[in-house]
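The chain contents come next:
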Amino acid sequence: LQVDLWQPSSPLHIVEGTVADVRVPQNTTRSLLPFLQQAHIQYTILISDLQQAIENQTGVRSHRNRRSLSGYNYEVYHSLEEIEDWMHYLNRTHSDLVHMFSVGKSYEGRPLYVFKLGKRSRPYKKAVWIDCGIHAREWIGPAFCQWFVKEALQTYQTDPDMRKMLTQLYFYIMPVFNVDGYNFSWTNDRFWRKTRSKNMRFHCHGVDANRNWKVKWCDEGASFHPCDDTYCGPFPESEPEVKAVAHFLRKHRKQIKAYLSFHAYAQMLLYPYSYKYATIPNFNCVESAAYNAVNALQSAYGVRYRYGPASSTLYVSSGSSMDWAYKNGIPYAFAFELRDTGHFGFLLPETLIKPTCTETMLAVKNITLHLLKKCH
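The shown structure was predicted, so the numbers you read here are calculated from the model rather than taken from an experiment.

Caption draft 1: Molecular detail of the sheet that holds strand β12 (residues 332–338). Taken together, 8 strands build an open sheet; the order of strands is β3-β4-β6-β5-β9-β12-β10-β11 and the sheet is mixed. The open sheet has two edge strands, β3 (98–105) and β11 (306–309), and neither has a second partner. The average angle at which neighbouring strand axes cross in this sheet is 20°, direction not considered. As paired strands, strand β10 (residues 268–271) and β11 are joined by 4 bridges and run parallel to one another. Paired with leucine 270 across the two strands is glycine 308, which belongs to β11. Sheet strands touched by helix α5 (residues 140–155): β3, β4 (111–117), β5 (126–132), β6 (169–174), β9 (256–264) and β12. Its angle to β5, the strand with the most contacts, is close to 140°.

Printed below as a string of structure tokens:
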């Protein structure tokens, strides 16, 4: 029986006592269920019609609702074209707080757009870097980046905390890091993860942009095989997207005090290290920031997030952006794994965008305000 493993991405990762999500063609479901029962394998049907669930998110319904920039809908997922149009629009209409620029070009030649968000109150300010969509299929990430910008612009006048944040800090926000992969996840394969660079030898596309950074590159938790989802690439920073962002962060490393990267799914707030089991030097400060952030997040809807070092809380992975940022002098480096814990997985319904972003906003504000205090 041919099945498509969804998460984890390889049969090699399936061992006794673990959970695997499996995509099954509808015409084989009847033959698979008796087999699972005979083998005494416990199973739960999470999504009965996966294709329909995909089409619900990528379909052309409410097209006008998606595309109208003045009434931009933050509670639906948007294509790359729509997100870029939205960025240009805000750059024109909110020039007092927003400055849009590109840090480079993707493998397929798309601009890598970033917002610089904040009040130009003084020549030098500390900054926070936020990126979303390193992994193409994790659509809730870019949805949160857009939500963050919306909240900042809408509440700057009325929320003292937001005013303080935008007055004392700059935020560099990259709504879609992996632009080629994200576009491909809309047009070809909803579950695409990697970039879209070509490998001529294996005829496989893409590199895992979160295994391509120059920190313990291609060690545990990454693969040397170009067809694997966790392929680390031919060399560190081989991907133009990673190279461009790494160059920008290196150039601004004295200014940038926090690095926040948004992923899905698992409901976790992770900090270094990913590549080894070891305690970071400023553990107390980072740990207290994480503890307060997950408590703030839980206060909205009661959703619990686990927090801790990525290696022991999630799994060991080398070449990650978070570890690289920390190793390059950014003292607060976090990776969020947003909702949920596996029921919908990468297909988080649009009805959950608002609650997910609302609670995550509380956590991000909490971390940001933590930065503005002295932590010894």
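Caption draft 2: Structural context of the nonpolar core. Counting residues in hydrophobic clusters, the biggest one holds 109 residues, and the most contacted among them are Leu117, Trp129, Ile130, Phe148, Phe171 and Phe334. The dominant element in this core, judged by the number of residues it contributes, is α5, at 9 residues. If near-sequence neighbours (up to four positions away) are discounted, phenylalanine 334 is found in contact with Tyr259, Leu260, Ser261, Leu269, Leu270, Tyr271, Val286, Ala289, Ala290, Met322 and Ile367.

Caption draft 3: Quick look at the UniProt feature "active site" (unreviewed entry) in the protein. UniProt records the feature "active site" (unreviewed entry) for Glu337 in the present numbering. In this fold, glutamate 337 is placed in strand β12. Not counting residues up to four positions away in its chain, the partners in contact with glutamate 337 are His263, Ala264, Tyr265, Ala266, Gln267, Met268, Leu270, Tyr305 and Leu314. In this structure the side chain of glutamate 337 is engaged in a polar contact, spanning 3.4 Å, whose partner is the backbone nitrogen of alanine 264.

Caption draft 4: Geometry of empty space enclosed by the protein. Considering all chains together, one arrives at 1 cavity of 30 Å³ or more under this definition. The space that makes up the largest cavity amounts to roughly 50 Å³. Leu80, Ile83, Glu84, Met87, Pro111, Tyr113, Pro175, Val176 and Val179 are the residues that line the largest cavity. Secondary structure elements with two or more residues in the lining of the largest cavity: α4 (80–93) and β4.

Caption draft 5: Quick peek at the UniProt feature "domain: Peptidase M14" (unreviewed entry) in the protein. UniProt tags residues 76–371 as "domain: Peptidase M14" (unreviewed entry). Split by type, residues 76–371 is 37% helix and 19% strand. Its first and last C-alpha atoms lie 31 Å apart.

Caption draft 6: Broad picture of the pairing of β10. Going residue by residue along β10, you find Met268 and Leu270 tucked away on one face and Leu269 and Tyr271 tucked away on the opposite face as well. Tracing the backbone out of β10, into helix α9 (residues 283–301) and back to the parallel element β11 gives a crossover that is right-handed.

Parameters and conventions
- Residues numbered from 1 in each chain as written.
- Predicted model: local features only at pLDDT ≥ 70, side-chain atom pairs only at ≥ 80, totals over all residues.
- Heavy atoms only, no water.
- Pairing = 2+ DSSP bridges.
- Helix = DSSP H or I, 4+ residues; strand = E, 2+ residues; numbered from the N terminus.
- Axes fitted to C-alpha atoms, helices over the stretch in contact; angles between N-to-C directions.
- Contact = heavy atoms within 4.5 Å.
- Core = buried A, V, L, I, M, F, W, Y, C linked by side-chain atoms within 4.5 Å.
- Buried < 20%, exposed > 50% of the residue type's maximum accessible area, 1.4 Å probe, protein only.
- UniProt positions renumbered as here; feature names shortened; annotations may be inferred.
- Polar contact = N/O pair within 3.5 Å; in protein donor to acceptor, adjacent residues only side chain to side chain.
- 1 Å grid on protein atoms, 1.4 Å probe; cavity = no way out; pocket = protein on both sides within 12 Å on 5 of 7 lines; lining within 4 Å.
- Points joined across faces, edges and corners; volume = space filled by probe spheres on them.
- Right-handed = clockwise from strand over helix to strand, strands pointing away.

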